[in-house]
Amino acid sequence: MFAKKSQDLIEKLKNESRPIVVYGMGNGADKIFDLCEKHGIKITDIYASDEYVRGHSFRGIRVKTYAEICETYSDFVILLAFAVFRDDLMERIDKMAHEHTLYVPDVPLFGKAVFDRGFFEINRSSIERAYSLMADERSKQVFADIVNAKLTGDYFLLRRCETDRSEVFENIIKLGAHERYVDLGAYDGDTITEFLAQTGGRYSKIIAFEPDRKNMKKLEYKYASLDNCRLYPYASWNENTTLHFSGNGGRMSCIDDSGSDVEARALDSVCMSATYIKMDVEGAEYETLLGCKRIIASSSPKMAISAYHRAGDIFTLPLLIHELDPEYKIYLRHHKYVPAWETNIYVTK
């Protein structure tokens, strides 16, 4: 079911005789360089998409084009260092993955834990218990593929387990005309837009949390005039408190000790009930679930929960959901994204 030790990506890279090159720059590349340095793995070169190559350097290495890399090395290993979901970029990476060995190292968005062989073995029993909670065969296959992709860096496993978001709304989260919808981590309103499209604009109430000020302005511009729609500038947490928050107007805004103060609220303290809750709270999903215990117990809402921000989310979150309500059916789906972002838990009764 899960990858054997011989398939561990770190071990493969340690034993690799071909040049190892990184595709991409920025935070993801920094994390991959740091991971490789920690394990004594030499990165030979780095390249970027043609439109980003301007003669500059990254970590002391001149950034090349893919064509230059192919001219320099007859065979090489690629480590993908950025997130991608656009069709044109996916096609480009598909082509590279068929021409050369391409891995997607699993470097977490938040937290220090890395989903390597040691992490897997320490958490094996929890991983296997979470796997057993999956409600259908598709969920079990996605779970196994994601775990194996985290261990091995296998790009094609991620592509194999993709599901279109429409399948979720057709088969799992079936929304009606009288939903009380809570959007935790509402960003710029994209998931409110999705919700309204799925319900034909009909609903009972909408509540949204978004602590990032720039995003909140976008939310207010789009949705402040909607009937029965309340927008709160809160971070989602397990209690009412003040946290430090790093906001930049993007999707990576998050709870961060180096950030500025922000009000945080447990959902239980803000609303009495809900029929559908979405959580995409940049690594605070576990705490957010704890802050919904009363609503979960009283309302049994349908839920859509991000399960990719921290290394253990794919198993710690299903286990917590089962603990909070053993009657929930727990599904797992991975939507088109590389690395394993947009891997979401969906729960219903």
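Our structure's up above, just so we're on the same page.
Here we summarise the structure given alongside this text. If you're wondering where the values come from, they're calculated on a predicted model, not measured in any experiment.

**Some remarks on the sheet that holds strand E2 (residues 45-47)**
Now for step 1: Here four strands make up an open sheet; going across it, the order is E2-E1-E5-E6 and the pairing parallel. The open sheet has two edge strands, E2 and strand E6 (101-103), and neither has a second partner. Geometrically, the sheet is characterised by an average inter-axis angle of 30° between neighbouring strands, direction not taken into account.
Now for step 2: Note that strand E1 (residues 20-23) and strand E5 (residues 77-80) share four bridges and pair parallel. Bridge assignment links Val 22 to a residue of E5, and that residue is Leu 79.

**Here's the deal with a positive patch on the surface**
Now for step 1: Residues Arg 213, Lys 214, Lys 217, Lys 218 and Lys 222 make up a contiguous surface patch of positive charge.
Now for step 2: When you line up the elements, Lys 214 lands in helix H11 (residues 213-223).
Now for step 3: Here Lys 214 falls in the exposed class, since its relative accessible area comes to 56%.

**Describing the packing of aromatic side chains**
Now for step 1: Going through the model one piece at a time under the given rule, you end up with 19 aromatic pairs.
Now for step 2: Ring centres 4.5 Å apart and planes at 5° place the aromatic pair Tyr 23 and Tyr 47 in the stacked group. Within this pair, whereas Tyr 23 is found in strand E1, its partner Tyr 47 is found in strand E2, the two being separated by 24 residues in sequence. The pair formed by Tyr 23 and Tyr 47 is uniform in burial state, with each residue classed as buried.
Now for step 3: Geometrically, the ring pair formed by Phe 85 and Tyr 337 is tilted, given 5.0 Å between the ring centres and 40° between the ring planes. Taken together, the residues Phe 85 in the loop between E5 and helix H4 (87-99) and Tyr 337 in the loop between strand E16 (329-334) and strand E17 (343-348) connect sequence positions 252 residues apart.

**Digging into the pattern of salt bridges**
Now for step 1: All told, the structure shown has 27 salt bridges when counted by the stated rule.
Now for step 2: The salt bridge partner of Arg 86 is Asp 88, with a shortest N-O separation of 2.6 Å.
Now for step 3: Its salt-bridge partner being Arg 124, residue Glu 121 comes within 3.0 Å of it at the nearest N-O pair.
Now for step 4: Here Arg 124 falls in the partly exposed class, since its relative accessible area comes to 31%.
Now for step 5: Each of Asp 30, Asp 34, Glu 37 and Arg 59 takes part in salt bridges that share partners, so that together they form one network.

**Section: the environment of Lys 278**
Now for step 1: Following the sequence through the fold, Lys 278 ends up in strand E14 (residues 276-279).
Now for step 2: Along the backbone, Lys 278 and Phe 195 are 83 residues apart, and their C-alpha atoms lie at a distance of 10.0 Å.
Now for step 3: What Lys 278 contacts, discounting residues up to four positions off in sequence, is Tyr 181, Val 182, Asp 183, Leu 184, Gly 185, Ala 186, Thr 191 and Ala 304.
Now for step 4: Polar side-chain contacts of Lys 278 include one of 3.3 Å to the side chain of Thr 191.

**Overview of the sheet that holds strand E15 (residues 302-306)**
Now for step 1: Within the open sheet, the seven strands sit side by side as E9-E8-E7-E14-E15-E17-E16. Their pairing is mixed. On the outer flanks of this sheet lie strand E9 (229-232) and E16, each paired with one strand and no other. Averaged over neighbouring strand pairs, the angle between their axes works out to 10° when direction is ignored.
Now for step 2: Note that strand E7 (residues 180-184) and E14 share four bridges and pair parallel. The residue of E14 that forms the bridge with Leu 184 is Met 279.
Now for step 3: Set on the sheet, helix H7 (residues 137-152) makes contact with E16 and E17; between it and E16 the angle comes to about 50°.

Cut-off values and rules
- All residue numbers here refer to positions counted from 1 along the written sequence of the relevant chain.
- For a predicted model such as this one, the threshold for reporting local features is a pLDDT of at least 70, and the threshold for listing and counting side-chain atom pairs is 80 or more; totals across whole chains, interfaces and linings nevertheless cover every residue.
- By convention in this description, side-chain values take in all heavy atoms of the structure and omit both hydrogens and water.
- The pairing criterion for strands is at least two bridges between them, as found by DSSP.
- Think of it this way: any DSSP run of H or I at least four residues long counts as a helix, any run of E at least two long counts as a strand, and we number them from the N terminus.
- As a rule, the C-alpha atoms of each element are fitted with a line to give its axis, helices using only the stretch in contact, and angles between N-to-C directions run from 0 to 180 degrees.
- What goes into a patch is any residue over 30% in relative accessible area without a salt bridge, connected to like charges within 9 Å or, for nonpolar side chains (Val, Leu, Ile, Met, Phe, Trp, Tyr), within 5 Å.
- All accessibility values rest on the Shrake-Rupley procedure with a 1.4 Å probe; residue burial counts only the protein chains present in the view.
- Salt bridges, as used here, are contacts in which a Lys or Arg side-chain nitrogen is within 4 Å of a carboxyl oxygen on Asp or Glu.
- The charge count includes Lys and Arg as positive and Asp and Glu as negative, but it does not include His or the ends of the chains.
- In this description, the location of a charge corresponds to atom NZ of lysine, CZ of arginine, CG of aspartate or CD of glutamate.
- When accessible area is computed with a 1.4 Å probe and restricted to protein chains, residues below 20% of their type maximum are described as buried, those above 50% as exposed, and intermediate ones as partly exposed.
- In this scheme Phe, Tyr and Trp rings, the latter by its six-membered ring, pair at centre separations within 6.5 Å, and the angle between planes marks the pair as stacked below 30 degrees, edge-to-face above 60, and tilted otherwise.
- Throughout, a residue-residue contact means that at least one pair of heavy atoms, one from each residue, lies within 4.5 Å.
- Polar contact is defined as a pair of N or O atoms within 3.5 Å, subject to the rule that within protein one atom must be able to donate a hydrogen and the other to accept it, and that residues adjacent in sequence are counted only when both atoms are side-chain atoms.

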